[in-house]
Amino acid sequence: MSENKLHTPKFQIFVWSLFDFANTSFAIMIITVGYSLYFRNVVVGEGGKGDFYWGLAISISMLITAIVAPILGAASDFSHRRKRFLFGFTIISVICTALLSQIDAGMILPGMILLIFANVGFEGGIVFYDSFLPLLANKSNYGRVSGYGFAMGYLGSIAMLLIAMPLYANGFDQSNLPNVKLSFLIAAGMFLVFSIPLFVFLRDHRVHFNHKVSFLAAGFRRVKKTVSRIRDYRNVAIFLLAFFIYNDGILTIIAFSSIFAQQSLGFQLNEIFILFALVQASAFIGSIGFGILTDKIGAKKTITITLLIWIFVVGCSYFVTTKMIYYSISMIAGISLGSSQASSRSLMARLTPKKHEAEFFGFYDGFCGKASAVVGTFLFGLISYVMNDQRLAVLSVGVFFVVGIIILQFVDDNHVVEEED
């Protein structure tokens, strides 16, 4: 392929979105379906306590990411070497994901530690991945390009589910555990292989710099400056607060959805795989459809619609008693999943000042996106363990969507900072 073709906008968007295909193999197989169920049923093997340990591990990983991501985001902005930071986080996640295949029954602490580092690598990498969006799209097509990325991700999730499904045919029987562990290795392999095109072909805007300068120290200074002047970016501040709250609900549902399906509704493993294949398919449709809608009616209105859908989903999940109804509810949730995340990323890109993409996306993905999950996942696990009632835990998630949608209405998405002060 010629040099000119490698640098065309369409090809650059393609290799960027292919990373979404890569990292969702981790998200679906480790966080949502495979390892989450393996950890609860085999590693811990004790009902509500498994929910508590799982929620605790996810919360700790999100807290770590929330602390380091804004600093590193600002540092990558200063050095203009996003790909190097993204590569480092990706390798950490890939290695720790592969090592999860060595976790056996009773290895609760090692299983939690590896999960924490794997998720820090995954979530931290998203900060730098998302910061490429303003370089690849303009304000008229942020929604569409962001939607393409999420759509590619859901295709990756479907592919991972189809590959892993035969490995879970015999559930968590002792004789089948090697197959279950193999799925973790496959997830790590897919994450690595399909992320390579981004690192090889995606252009990173670099500048000359003094090698004696500490990027980390520069990151601390820029974050401090951003915090001190956040009042100058009122729309960004309000949106980040809203996102902080409603994203908490989304990440909590992602972390516990398969556990809820198995424990509260009696789903078998093969049914869970079918369930999430349908969810990913509907999320694919949602990310494309709502991505186009975002460019037409605006990201704020699109997010509002998706949050109303989330409120409906949570309410129905509290009362659902049959698997067929839960299949339907989950597909509706899938449509909202892809669209709410894609439109949120689009709105953040629209509101973000120029020359500070990675820094501001560090606050968006790192602090607000990850620190929010510290509350929701811990609360769900705690309520499930203490009250022995997953349905009550699900209902508590609805509060995050209600509060988030109220705060979002105060964002003026027509006022955009075009250049740095």
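Calculation notes
- Residues numbered from 1 in each chain as written.
- Predicted model: local features only at pLDDT ≥ 70, side-chain atom pairs only at ≥ 80, totals over all residues.
- Heavy atoms only, no water.
- Helix = DSSP H or I, 4+ residues; strand = E, 2+ residues; numbered from the N terminus.
- Buried < 20%, exposed > 50% of the residue type's maximum accessible area, 1.4 Å probe, protein only.
- Contact = heavy atoms within 4.5 Å.
- Areas by Shrake-Rupley, 256 points an atom, 1.4 Å probe, with all protein chains shown as cover.
- Core = buried A, V, L, I, M, F, W, Y, C linked by side-chain atoms within 4.5 Å.
- Salt bridge = Lys/Arg side-chain N within 4 Å of Asp/Glu carboxyl O.
- pLDDT = per-residue confidence, 0-100.
- Axes fitted to C-alpha atoms, helices over the stretch in contact; angles between N-to-C directions.
- Parallel < 35°, antiparallel > 145°, perpendicular 65-115°, else oblique.
- Nonpolar A, V, L, I, M, F, W, Y, C, P; charged D, E, K, R; others polar.
- Phe/Tyr/Trp six-rings, centres within 6.5 Å; stacked < 30°, edge-to-face > 60°.
- Patch = residues over 30% accessible without salt bridge, like charges linked within 9 Å, V, L, I, M, F, W, Y side chains within 5 Å.
- Expected span 1.5 Å × (residues − 1).
- Bend = angle between axes of the 7 residues up to and from the residue.
- Left-handed = near helix turned anticlockwise from the far one by under 90°.

### Side note on the overall build of the protein chain
If you tally the helices and strands in the protein chain, you get 16 helices and zero strands. Burial status across the protein chain gives 60% buried among its 421 residues. For the protein chain, the proportion of contacts with a sequence separation of at least 24, taken over those separated by at least 6, is 84%. Within the structure as shown, the protein chain displays about 16700 Å² of accessible surface, and the carbon and sulfur contribution to it stands at 67%.

### Quick look at the nonpolar core
Counting residues in hydrophobic clusters, the biggest one holds 129 residues, and the most contacted among them are Tyr-35, Tyr-168 and Phe-239. Ranked by the residues each element gives to this core, the list is headed by helix H11 (residues 234–265), at 16 residues. With residues near it in sequence (within four places) discarded, Tyr-35 still touches Met-29, Ile-30, Trp-54, Leu-100, Ile-103, Gly-111, Leu-115 and Phe-184.

### So, the pattern of salt bridges
Tallied over the full model, the rule gives three salt bridges. The residue Asp-51 makes a salt bridge to Arg-40 at a minimum N-O spacing of 2.8 Å. Of this pair, Asp-51 sits in helix H4 (residues 47–79) while Arg-40 sits in helix H3 (residues 34–44), and the two are eleven residues apart along the sequence. Among the salt bridges present, the one from Lys-181 reaches Asp-104, with a minimum N-O distance of 2.1 Å. Highlighted residues: Lys-181 in helix H9 (residues 177–201) and Asp-104 in the loop between helix H5 (82–99) and helix H6 (108–130), separated in sequence by 77 residues.

### Quick look at the side chain of Thr-90
Counting through the fold element by element, Thr-90 comes out in helix H5. Not counting residues up to four positions away in its chain, the partners in contact with Thr-90 are Phe-19, Gly-121, Phe-191, Ser-195 and Phe-199.

### A few points about the confidence of the model for the protein chain
Low-pLDDT stretches of the model should not have their predicted coordinates read in fine detail. Across the protein chain, the average pLDDT comes to 82, with 85% of residues at 70 or higher. The least confident element of the protein chain, judged by mean pLDDT, is helix H1 (residues 3–6) at 59; the most confident is H9 at 95.

### Details of the packing of helix H12 (residues 269–297) against helix H13 (residues 299–319)
Where H12 contacts H13, the two axes come as close as 7 Å, and the packing angle between them is 135°. Taken as axis vectors, H12 and H13 run oblique relative to one another. Residues Phe-290, Leu-293, Thr-294 and Ile-297 of H12 touch H13, and the partners they reach there are Ala-299, Lys-301, Thr-302, Ile-305 and Thr-306. Here the residues of the contact of H12 with H13 are counted per class, giving five nonpolar, three polar and one charged.

### Here's the deal with the packing of aromatic side chains
One pair of aromatic rings is described through two measures. These are the centre distance and the angle between the planes. Evaluation of the coordinates by the stated rule reveals 28 aromatic pairs. Ring plane angle 75° and centroid distance 5.6 Å describe the contact between Phe-11 and Phe-201, whose orientation is recorded as edge-to-face. Here Phe-11, found in helix H2 (residues 9–32), pairs with Phe-201, found in helix H9; they are 190 residues apart in sequence, far enough to count as distant. Take Phe-11: its relative accessible area is 16%, and that puts it in the buried class. Since its relative accessible area comes to 34%, Phe-201 is described here as partly exposed.

### Things to note about the environment of Ile-259
Mapped onto the elements of the fold, Ile-259 is located in helix H11. Residue classification places Ile-259 among the buried positions, given a relative accessible area of 0%. The spacing of Ile-259 and Leu-37 is 222 residues in sequence and 6.4 Å in space, taken between C-alpha atoms. For Ile-259, the residues in contact, after removing those within four places along its chain, are Ser-36, Leu-37, Arg-40, Asp-51, Trp-54, Ser-264 and Gln-390.

### Here we look at a nonpolar patch on the surface
A contiguous nonpolar patch, built from Tyr-385, Val-386, Met-387, Leu-392 and Leu-395 and spanning about 460 Å² of accessible area, is present on the exposed surface. Counting only elements with at least two residues in the nonpolar patch, the list comes to helix H15 (357–387) and helix H16 (390–408). Top element by residues in the nonpolar patch is H15. It accounts for three residues. By the element assignment, Met-387 lies in helix H15.

### Brief notes about H9
If you check H9, its first and last C-alpha atoms are 38 Å apart, about what 25 residues at 1.5 Å a residue would give, namely 36 Å. At Ser-195, H9 is deflected by roughly 30°, the largest bend along its length, and proline Pro-197 occurs up to four residues later in sequence.

### Some details on the environment of Cys-316
Note that Cys-316 resides in helix H13. With relative accessibility at 25%, the residue Cys-316 sits in the partly exposed group. The spacing of Cys-316 and Ile-329 is 13 residues in sequence and 7.3 Å in space, taken between C-alpha atoms.

### Some details on the environment of Ile-92
Inspection of the secondary structure puts Ile-92 in helix H5. Accessibility expressed as a relative area gives 39% for Ile-92, which makes it partly exposed. Here Ile-92 is in contact with Phe-117 and Gly-121, once residues within four sequence places are set aside.

### So, the packing of H2 against H9
One way to put it is that H2 packs onto H9 with a least axis distance of 8 Å and a crossing angle of 165°. For the element pair H2 / H9, the angle class is roughly antiparallel. Considering the relative orientation of H2 and H9, their crossing is left-handed. A class-by-class count of the residues in the contact of H2 with H9 yields 19 nonpolar, five polar and no charged.

### What about H11?
Its 32 residues give H11 an end-to-end C-alpha distance of 44 Å, which sits within 8% of 46 Å, the value for a rise of 1.5 Å per residue. For H11, the principal kink sits at Phe-256 and spans about 50°. In terms of burial, H11 is largely enclosed, as 24 of its 32 residues are buried. Looking one or two residues beyond H11, the residue adopting positive phi is Gly-266, at roughly 70°.

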